[in-house]
Every structure is written in structure tokens, then in C-alpha cells.
Amino acid sequence: MNLMSTLLASAFFLSAALIVHVATCRLTSDRHFMAKGLSIGCLATLCSFAFFSWHGQADLVGPYVVLTAWLMYLMAFINLLNSVTLKMLASLYQAPQQTLLEASFKDTFNADAGLSERFDMLLNSGLIAQEPNGLYVTTKGQMILLLVRIVRSALAIPR
Amino acid sequence: MDILSNLPLFPHYPNAIQNIAIFLAVVFFVVFLLAVVFGKTASAEDAYRPTNRLHFRIGVLYCATVAAFAIIKGDMGQQAALGLLTGLYVYATLHYVFVFPLIGLVRKSISVEILNTIGSASGCCIHRDTVVNKMASAGAGVSDVRKNRLLQMCLLQLAKNNNGQFSISTRGKFVHVTGERVLQLFKLKRL
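One structure accompanies this document, and this report is about it. (Residues numbered from 1 in each chain as written. Chains lettered and ligands numbered in written order. Predicted model: local features only at pLDDT ≥ 70, side-chain atom pairs only at ≥ 80, totals over all residues. Heavy atoms only, no water.)

**A look at the overall build of chain B**
Scanning chain B from terminus to terminus reveals nine helices and two strands. Starting at the N terminus and ending at the C terminus, chain B contains elements arranged as α-α-α-α-α-α-α-α-β-β-α. For 191 residues, the compact-globule estimate of 2.2 N^0.38 gives 16 Å, and the C-alpha radius of gyration of chain B, at 23 Å, exceeds that figure by more than 25%. When each of the 191 residues of chain B is scored for burial, the buried share is 40%. Pairs at least 24 apart in sequence give 55% of the contacts found in chain B among residues at least 6 apart. (Helix = DSSP H or I, 4+ residues; strand = E, 2+ residues; numbered from the N terminus. Rg over C-alpha atoms; globule rule 2.2 N^0.38 Å. Buried < 20%, exposed > 50% of the residue type's maximum accessible area, 1.4 Å probe, protein only. Contact = heavy atoms within 4.5 Å.)

As C-alpha cells, then:
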């Protein structure tokens, strides 16, 4: 296969994954959105790798294109769903004359509509756990923290 | 070229410039990564812009290198151009998929900040209210996050700040409307 055929085949796998993802989201609840998205993406990447191998071309370009395009697509969703900045933008769009004072953004992000939701999300993901004495980080959460520390150290990002 | 063809899982397309373009994309990304690490470009308050600027400049060097190879080999046709575009995609995605989100996660994520605050507590456990207070005293409280995100909104040119009065820009309107339509298509709701 030449490069053009590889790219066209990758586009085919991405299109198929996108159709499956839209159908899955519309037909099921919005729970486990990331798990569903990652599963569909992994499946599409593995299928593309199998397809290229079957054609005697076991190189990484085709599956890499499928995987990275899918990850960028999911990252756009993470931002769309969780971003505080975009929620503030939505408040601004809906405001009279699309103008707001800084203090008016308190409704968009405050201790209830912001931090509480994130605490619940961390509990549901198993990254933290609740005891009678308070919250603590689980082993899973510790691994995330270790990754964060490594990246912070490598890229010299201050705390 | 023989060295490239011996690399496992490396493409062996008929067009040599395509193979070179993809190989150099990975090489130049490694150069970019080393420049970010040793240049500490992600340590600034606005980490995104210097990092993206560096990525763009090294990207220009990459394009020039591939073009030089194409000129030397006398192959400047459509296939070479396709190879360069694919290489640019590889170079861009290695940054924007694997490095850029990590910077955002470490610098901006509220969930990571909560996790960090709980993890740094002395003793086995910490109450939710204590976490919120500790984050506020560390400059990562609710009002700090709100101010930071408003600043981010203006830096991204999604809104304008006129003496404390924020108004949405044309780009901001487009971003918002597009986002809403996508969420509707997938029947999803924001956090």
C-alpha cells in the first residue's frame, strides 16, 4: 500500500468509529462517556492495525493516524464537557448584551457548582475515598499524583 | 535510506521523501521535547504560548529540512508534498496529543489540585472543607480559579475585558455555538 491508500484507509476507520460513537451516545445514557469513547477508539485502532497487517504492511503510520485523531476528538469533548472557561463563555453568551461584570461569574463557578462536582467525580472514579475522619487518596489516585509529579519535575512547572 | 528500512514498524513507502518526512517528524519532535525540558518553557505563568511558539519554530525547521531533502533527491512532486503533510501531522499530534494536555493537566486541572491537596495532608484523612480552605490559601481557591479562567478567556481572544466588564468576541460566539451544536448532536450535558 502507498501512503495515500494508508491515509484513506485510516479515514475510513475513523469515520466508522465516529458513526458508532454518535449512535452509542444517542442510544445510551451519558454515563461512562470516556470509557465508551476510549473503547471505541482502541477498537478502531486495533482493527486498522489488523487491516494493514493483513495487507502486508505492519507499520505504525495508519494506526497512529487513527489513534491520535481519535484522542484529539475525545480531548475536544473533555474540554467541551468540563472546561470552566467554556462554561463562563456560555454565561457570557446568554447574558443581556452578552456582557457581564466579573462578580456575575460567581454563579458559573463557585464552591457548589464547581468544587463539589469535582469531589464527587473523584470519589466515583475511585481516586479518593471517604472515611469517617475525612478523605484520602487511594492507590489509583497516588499513581496519578506520581505521574503529575514526574511531569511537573521534567517540565519545571512550579506548584 | 537503508537505515530507515531496517527500523521495525517503520513505514517503507515507495517514495523515499515520504519515509524521510515521517522519520524526521519524530526526530524533530524529540528535539522540541528536549528544548521544552531544558528551556523550561512550560514553567511560565502562560505556559501555552511560549511552548506553542517553540513548537511552531521547530516545525518550520522541520519543513525546511524535508524540503532540502526533496530538492537534493529531485523529487518535489505530489507524493513528496503528501509525505510532508503526513509528517507535519505526526509532528503536530505528538505535541498536541501527548505533551500539551499534560501541561494543561498539571497546571490547570482543578481535580488534580484537589487530589494534590488531599495527598499532601498530614495524617491519614482530611475533611472536604479543610481541602477547600487549603486550596484557597495556596492561591487555588474558587475565586482564584475564576479569575484565572477569565484571564484565559481573554488570552484566547474569546472575550474582551473592558475595565472589569467582559464582553464576548466574535471568536467566542463561534466557539460557543459550535460547542453547543456538538453537545446536542451527542445528547450530552456539561459538568
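**Points about the overall build of chain A**
When you go through chain A residue by residue, the secondary structure sums to six helices and three strands. Ordered by position from N to C terminus, the α and β elements of chain A give α-α-α-α-β-α-β-β-α. Against the compact-globule benchmark of 15 Å for 159 residues, chain A has a radius of gyration of 21 Å, which places it well outside the compact range. Dimensions of chain A, computed from the C-alpha atoms along their principal axes, are close to 60 × 45 × 40 Å. Per-residue burial for chain A yields a buried fraction of 43% across its 159 residues. In chain A, the share of contacts with a sequence separation of at least 24, taken over all contacts with a separation of at least 6, comes to 42%. Accessible surface, chain A as shown: approximately 8,300 Å² in total, 66% of it carbon and sulfur. (Areas by Shrake-Rupley, 256 points an atom, 1.4 Å probe, with all protein chains shown as cover.)

**Structural notes on helix H6 (residues 110-119) of chain B**
Residue and element names in this part refer to chain B. Of all ten residues in H6, nine are buried; the element is thus mostly enclosed. Within the span of H6, buried status applies to Ile110, Ser111, Val112, Glu113, Ile114, Leu115, Asn116, Thr117 and Ile118. At the N-terminal end of H6, a side-chain oxygen is found 3.4 Å from the backbone nitrogen of Ser111, two or three residues along, and the residue is Ser109. (Polar contact = N/O pair within 3.5 Å; in protein donor to acceptor, adjacent residues only side chain to side chain.)

**A short note on the packing of aromatic side chains**
Given two aromatic rings, their pairing is described by the distance between the two centres and the angle made by the two planes. The final tally for this structure, using the stated rule, is 14 aromatic pairs over all chains. Aromatic side chains Phe77 of chain A and Phe186 of chain B sit 4.7 Å apart centroid to centroid with 75° between the ring planes, which places their arrangement in the edge-to-face category. Pair noted here: Phe77 of chain A is in helix H3 (residues 61-82) and Phe186 of chain B is in helix H9 (residues 170-186), and the two residues belong to different chains. In terms of burial, Phe77 of chain A and Phe186 of chain B fall into one category: buried. (Phe/Tyr/Trp six-rings, centres within 6.5 Å; stacked < 30°, edge-to-face > 60°.)

**Here we look at the nonpolar core**
Membership of the largest hydrophobic core comes to 53 residues, with the highest contact counts inside it found for Ile114, Ile118 and Met153 of chain B. Here this core takes eight residues from H3 of chain A, the largest share from any one element. Among residues more than four places away in sequence, those in contact with Ile114 of chain B are Leu115, Arg118, Phe119 and Leu122 of chain A together with Val131 and Met135 of chain B. Core analysis: the next-biggest nonpolar cluster, separate from the first, contains 28 residues, Val151 of chain A together with Ile20, Val66 and Ala70 of chain B among them. (Core = buried A, V, L, I, M, F, W, Y, C linked by side-chain atoms within 4.5 Å.)

**Focus: the pairing of strand S1 (residues 159-162) of chain B**
Residue and element names in this part refer to chain B. With four bridges joining them, S1 and strand S2 (residues 165-168) adopt antiparallel strand pairing. Following the sheet pairing, Ala159 is matched in S2 by Ile168. Connecting the antiparallel pair S1 and S2 is a turn made up of two residues, with Asn163 showing a positive phi of about 55°. (Pairing = 2+ DSSP bridges.)

**Describing the interface of chain A and chain B**
Each partner contributes residues to the interface: chain A has 82 residues there, and chain B has 76 residues. Interface area for chain A against chain B, summed over the two sides, is near 7,200 Å², with a carbon-plus-sulfur share of 73%. Three residues stand out in chain A for area buried against chain B, namely Leu3, Leu89 and Leu155 of chain A, and they jointly supply 9% of the buried area on that side. Taken together, the links from chain A to chain B amount to one salt bridge. Linking Arg128 of chain B and Asp120 of chain A is a salt bridge whose minimum nitrogen-to-oxygen distance equals 3.3 Å. For the pair chain A and chain B, the interface holds 14 residue pairs in polar contact (both at pLDDT 80 or more). (Buried area = accessible area lost by both parts, 1.4 Å probe. Salt bridge = Lys/Arg side-chain N within 4 Å of Asp/Glu carboxyl O.)

**Looking at the packing of helix H4 (residues 78-98) of chain B against helix H5 (residues 100-108) of chain B**
All names here are of chain B. The interhelical angle for the contact between H4 and H5, taken along N-to-C directions, is 20°, at an axis separation of 3 Å. Considering the angle they form, H4 stands roughly parallel to H5. Of the residues in H5, those in contact with His95, Tyr96, Val97 and Phe98 of H4 are Phe100, Pro101 and Leu102. Within the contact of H4 with H5, the residues separate by chemical class into six nonpolar, one polar and no charged. (Axes fitted to C-alpha atoms, helices over the stretch in contact; angles between N-to-C directions. Parallel < 35°, antiparallel > 145°, perpendicular 65-115°, else oblique. Nonpolar A, V, L, I, M, F, W, Y, C, P; charged D, E, K, R; others polar.)

**Brief notes about the packing of helix H5 (residues 115-124) of chain A against H6 of chain B**
Contact geometry of H5 of chain A with H6 of chain B gives a least axis separation of 10 Å together with a crossing angle of 70°. Taken as axis vectors, H5 of chain A and H6 of chain B run roughly perpendicular relative to one another. Listed contacts from H6 of chain B to Leu115, Arg118, Phe119, Met121 and Leu122 of chain A of H5 of chain A are Ile110, Ser111, Ile114, Leu115 and Ile118 of chain B.

**Looking at the state of the cysteines**
Per the stated rule, a full pass over the model turns up zero disulfides over all chains. Looking at Cys42 of chain A, it has no disulfide partner, and the nearest cysteine sulfur is the one in Cys47 of chain A, 11 Å off. (Disulfide = S-S within 2.5 Å.)

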